[in-house]
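Remarks on the overall topology
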Amino acid sequence: TPISLLIAGKQGARTRARCFLRALGLEYINEMPSHFLQSPANLIYDFFSPMKFYDSHIVSDIDSLYSAPQKVIYEIISKGRYSVHDFHDKTTNLVPVYNPIIMTTDSEDKIPKYFKEKISHIIKIDDYIDQQLELIVLQRLKYCGIEYGEEKVLSLLVAYGNNNLHQIIRILKDAITIMKSDSRNVLTTDDVKKVMAYS
């Protein structure tokens, strides 16, 4: 059976899933929120198709998956393959899956016990504290080659984002857009405040 990993936490689960796979040297990640794997009915088979050039899979918000596609993932993590019934030929084909499967959820309690028992590893992560969120913002700025005017820029982004990573990143992107519109490369508190004034 392939390596299967469940990452449970309210923030940063998808980021950690990608980091884990890259640490394994896997670069071609097939990623999909579970909501999109539910319709049409055969999409789950296409996601895990051996004809696709991927070396790993990430399914986020696995707890939102309906029972039919969840059954396919259950077969993969417990037997290393899934079954596809061909109604025309009245046959069942077994499709092997060898690549790691990483799943995310905001709470481990939402996953049925029988499903969790088949997962290779389960990791629970705590919410980010303010300092960690500020470091994430700083890392994003450094990666983009953008300077910031003062330390308050980082704390202001975290405060306005209500300690929610997705919201913080959205505000950061908008603030960078405002900064760039003035042909500057230094992010200031005024840029962040302007974003909040427009929101």
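What comes next concerns the included structure. None of these values were measured; they are calculated from a predicted model.

Along the protein chain, the regular secondary structure elements total eight helices and nine strands. Relative to the 2.2 N^0.38 estimate, which gives 16 Å for 199 residues, the radius of gyration of the protein chain is 21 Å and therefore markedly larger than a compact globule would have. Overall, the protein chain is about 65 × 30 × 30 Å in size when its C-alpha atoms are taken along their principal axes. Taking all 199 residues of the protein chain together, 41% fall into the buried category.

Relative to the helices and strands, Glu108 resides in the loop between β6 (101-105) and α4 (113-116). Glu108 sits in the buried class, given a relative accessible area of 16%. A polar contact of 3.2 Å, which involves the side chain of Glu108, links it to the side chain of Lys124. Every residue in contact with Glu108, bar those within four places of it in the chain, is listed here: Leu6, Ala8, Lys116, Ile122 and Lys124.

Let us look at the pairing of strand β1 (residues 4-8). It is a general feature of regular strands that their side chains alternate between the two faces of the sheet. With five of five residues buried, β1 lies mostly within the body of the structure. The side-chain alternation of β1 yields two buried faces, one formed by Ser4, Leu6 and Ala8 and the other by Leu5 and Ile7. Of the strand pairs in this sheet, β1 and β6 are connected by five bridges, and their pairing is parallel. Bridging from a neighbouring strand, Leu6 pairs with Met103 of β6.

Checked against the element boundaries, Gln11 lands in the loop between β1 and α1 (13-23). Taking relative accessible area as the criterion, Gln11 reaches 12% and is therefore assigned buried. A distance of 3.0 Å separates a polar atom in the side chain of Gln11 from the backbone oxygen of Asn163. At a separation of 2.9 Å, a polar atom in the side chain of Gln11 contacts the main-chain amide nitrogen of Leu165. With residues up to four places along the chain from it excluded, the contact list for Gln11 reads Arg16, Ile125, Tyr128, Leu133, Asn163, Asn164 and Leu165.

Let us look at the packing of aromatic side chains. For the coordinates displayed, the defined rule picks out five aromatic pairs. Measuring from centroid to centroid gives 4.9 Å for Phe47 and Phe48, while their planes differ by 85 degrees, and the two rings are edge-to-face. Pair check on accessibility: Phe47 and Phe48 agree, each one buried. With 6.2 Å between their ring centres and 40 degrees between their planes, Tyr74 and Phe115 make a pair best called tilted.

About the thresholds
Residues numbered from 1 in each chain as written. Predicted model: local features only at pLDDT ≥ 70, side-chain atom pairs only at ≥ 80, totals over all residues. Heavy atoms only, no water. Helix = DSSP H or I, 4+ residues; strand = E, 2+ residues; numbered from the N terminus. Rg over C-alpha atoms; globule rule 2.2 N^0.38 Å. Buried < 20%, exposed > 50% of the residue type's maximum accessible area, 1.4 Å probe, protein only. Polar contact = N/O pair within 3.5 Å; in protein donor to acceptor, adjacent residues only side chain to side chain. Contact = heavy atoms within 4.5 Å. Pairing = 2+ DSSP bridges. Phe/Tyr/Trp six-rings, centres within 6.5 Å; stacked < 30°, edge-to-face > 60°.

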